[in-house]
Amino acid sequence: MLTTLPKHRGQHGALIAIGLLVSTTIVVYTTQSPPQQAHPDDASHAISSSTQRPAATASVTKAPEAVMPPVTKADPTRSRGSGFVTYDATRTSHVAAPVAGWLEKKRSASVGRHARQFEPLATLYSIEVYMATVAVIEQLREFKSQQALDNARIKLLRWGMPKPTLDRIERTMRPQAALPLATRVAGIVVEERAAARGFVEPGELFTVTDPTRVMVFVEVAAVDPVEVGMPAKLIVDGVAKPMNANVSYVFRRAAEGMRTIRLDVHSFAKPKPGARVDAVIVLDERKGGQTTVRR
């Protein structure tokens, strides 16, 4: 059986409050951890650690500037590039068979011999040539328009039919299957293809040129002030001595920071087409600057 506690009358209230305050203070003090005492060697240990272990940010160091490659200023009197040799297009004739047919050469071997301008090197017999001459004769017999006649003539002339031969066909009104294959320029036969006799497909058969005159194309930096007439020294693979030349043409269009220039060369060393070239181009003769164009 529960009984109610007697009510305090207030005479011991002050003592009870003081007791609670004292007990609370003791509990709070005992729950706190005591302060750690510093070891006498901790200071020296921290100093030694800081000297032995570098900071994490110091693990990546910048290379000293002395190791970096030196930056050199471009010489305004020099230019660099690469080049190759090709035949002079203005002095070269590529004699080709325009259509398929039976080929008969004038000589079994012609490489190395001199050919006169408009000299036939071979004869091509083709049904297509025969039908083209028939078309010209029909246009003459049944004249309809000058344009149609000229178109029939131009077809044969583009195939290489000599104008005197075409005039004879029109005068005699007799078609022919033979097409003379002649060179447009005088020069040396430097290349020859196909057998002395046999069936051939359309394609080049002879190359006639002046081998002492070639063109050299060189790639230079587009920012280089190369101009027509500037002197150059060329070192060509297969040629013992350097050759002198002048810049003949500067192409206006540049690609990927490079520009093409052309040099016309006259040399009895006869450099081979396709040979690689090193060039020395003088941009300013007053300063005496020269540049070797490296491969």
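Residues numbered from 1 in each chain as written. Predicted model: local features only at pLDDT ≥ 70, side-chain atom pairs only at ≥ 80, totals over all residues. Heavy atoms only, no water.

**Remarks on the packing of aromatic side chains**
Each aromatic ring pair is described using two quantities: the centre-to-centre distance and the angle formed by the ring planes.
And then number 1: One pass over the structure, following the stated rule, counts three aromatic pairs.
And then number 2: An angle of 25° between the planes, with centres 5.8 Å apart, marks the rings of Phe84 and Phe217 as stacked. Note that Phe84 is positioned in strand 1 (residues 81-87) and Phe217 in strand 10 (residues 213-221), a separation of 133 residues in sequence.
And then number 3: When its relative accessible area of 18% is taken as the criterion, Phe217 is described as buried.
And then number 4: Measuring from ring centre to ring centre gives 6.4 Å for Phe217 and Phe251, while their planes differ by 45°; the resulting arrangement is tilted. One end of the pair, Phe217, is in strand 10; the other, Phe251, is in strand 12 (residues 243-255), and 34 residues separate them in sequence.
And then number 5: On the basis of relative accessibility, which here comes to 32%, the residue Phe251 falls in the partly exposed class.
And then number 6: Following the ring pairs from residue to residue traces out a cluster consisting of Phe84, Phe217, Tyr249 and Phe251. (Phe/Tyr/Trp six-rings, centres within 6.5 Å; stacked < 30°, edge-to-face > 60°. Helix = DSSP H or I, 4+ residues; strand = E, 2+ residues; numbered from the N terminus. Buried < 20%, exposed > 50% of the residue type's maximum accessible area, 1.4 Å probe, protein only.)

**Observations regarding a nonpolar patch on the surface**
And then number 1: Together, Trp102, Tyr125 and Phe199 give the surface a local cluster of nonpolar side chains, amounting to about 340 Å² of exposed area.
And then number 2: Judged by its relative accessible area of 41%, Trp102 is partly exposed. (Patch = residues over 30% accessible without salt bridge, like charges linked within 9 Å, V, L, I, M, F, W, Y side chains within 5 Å. Areas by Shrake-Rupley, 256 points an atom, 1.4 Å probe, with all protein chains shown as cover. Salt bridge = Lys/Arg side-chain N within 4 Å of Asp/Glu carboxyl O.)

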